[in-house]
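Report on the structure
Letter by letter, the chains look like this.
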Amino acid sequence: MSNSLPLQAMLNARGAPLDAASAAGRRGCPLSDLRDRLRRSGLRPTRQRLSLGWLLFGRGDRHLTAEMLYDEAMRAKVPVSLATVYNTLHQFTEAGLLRQLALDGSKAYFDTNPSEHHHFFLEDEGQVLDMPDCGITVDSLPDAPEGMEIAGVEVIVRLRRRHGARQS
Ligand SMILES: [Zn+2]
């Protein structure tokens, strides 16, 4: 299969996206970095986008729902509505800054690391964790249908607590 090697390499290389990599390597002013990042992604750095972006991207790789970000905004006294939080999350996703994860039909989770990687989903807690780099290899995929190519593979491993297991 001609595309098995690049795909394998892609699956194994859980690299950070360009932006995160350059942000981590550079020690500038985080707020002006964020402003640049929004501009480069084609988004005007409005006060609301900067405030929400600050909350989202200031703490490493995270997985959040709109409600979780809204709660953080309220605690940080950022005056936004839940609707604005939704809109901003979707704008960031369209601009490639976030990735929306299909984990749970009832809630959308957004990942601050938009590169392709795999997840554990703790069903009881509704919590999302990145899988360790060597967590999984997918080396046998079906051929894509005629006229299609595989754009990416993301694996979600669903976890639940073992019956009788102690909470740690
Ligand atoms: Zn993730």
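Note that this is a predicted model, so its numbers are computed, not measured. (Residues numbered from 1 in each chain as written. Predicted model: local features only at pLDDT ≥ 70, side-chain atom pairs only at ≥ 80, totals over all residues. Heavy atoms only, no water.)

**Topic: the confidence of the model for the chain**
For the chain, mean pLDDT is 82; residues scoring 70 or higher make up 80% of the total. Mean pLDDT across the elements of the chain bottoms out in helix H1 (residues 4-12) (37) and peaks in helix H6 (residues 82-94) (97). In the model, residues 1-26 has pLDDT below 50 throughout and makes 31 contacts with residues more than four positions away in sequence or in other chains. (pLDDT = per-residue confidence, 0-100. Helix = DSSP H or I, 4+ residues; strand = E, 2+ residues; numbered from the N terminus. Contact = heavy atoms within 4.5 Å.)

**Some words on the sheet that holds strand E1 (residues 63-65)**
If you trace the three strands from one edge of the open sheet to the other, you get E1-E3-E2, paired in antiparallel fashion. If you trace the sheet from one side to the other, it starts and ends with E1 and strand E2 (99-104), each paired once. Strand-to-strand twist across the sheet, computed as the mean angle between neighbouring axes with direction ignored, equals 40°. Bridge analysis of E1 against strand E3 (residues 107-111) gives three bridges, and the strand direction is antiparallel. Bridging from a neighbouring strand, Leu-64 pairs with Phe-110 of E3. (Pairing = 2+ DSSP bridges. Axes fitted to C-alpha atoms, helices over the stretch in contact; angles between N-to-C directions.)

**Quick look at unusual backbone geometry**
Its identity is not glycine, yet Lys-77 carries a phi of approximately 60°, on the positive side. The topology assignment puts Lys-77 in the loop between helix H5 (66-75) and H6.

**A short note on the coordination of the zinc ion**
For the zinc ion, the full set of protein donor atoms is His-63 (NE2), Asp-111 (OD), His-117 (NE2), His-119 (NE2) and Asp-130 (OD), and the range of their distances to it is 2.0 to 2.2 Å. Summarised as a motif, the one-chain spacing of the donors to the zinc ion is H-x47-D-x5-H-x1-H-x10-D. In this structure, Asp-111 and His-119 share a single accessibility class: buried. (Donors = N, O, S within 2.8 Å, 3.2 Å for Na, K, Ca; no water. Buried < 20%, exposed > 50% of the residue type's maximum accessible area, 1.4 Å probe, protein only.)

**Side note on the packing of H5 against H6**
Two quantities define a packed helix pair, namely the angle between the axes and the distance from one axis to the other. It is the contact of H5 with H6, at a shortest axis distance of 9 Å, that shows an interaxial angle of 120°. Here H6 runs oblique to H5, going by the angle between their axes. The way H5 lies across H6 gives a crossing that is right-handed. Contacts between H5 and H6 involve Ala-66, Glu-67, Leu-69 and Tyr-70 on the former and, on the latter, Leu-82, Val-85, Tyr-86 and Leu-89. (Parallel < 35°, antiparallel > 145°, perpendicular 65-115°, else oblique. Left-handed = near helix turned anticlockwise from the far one by under 90°.)

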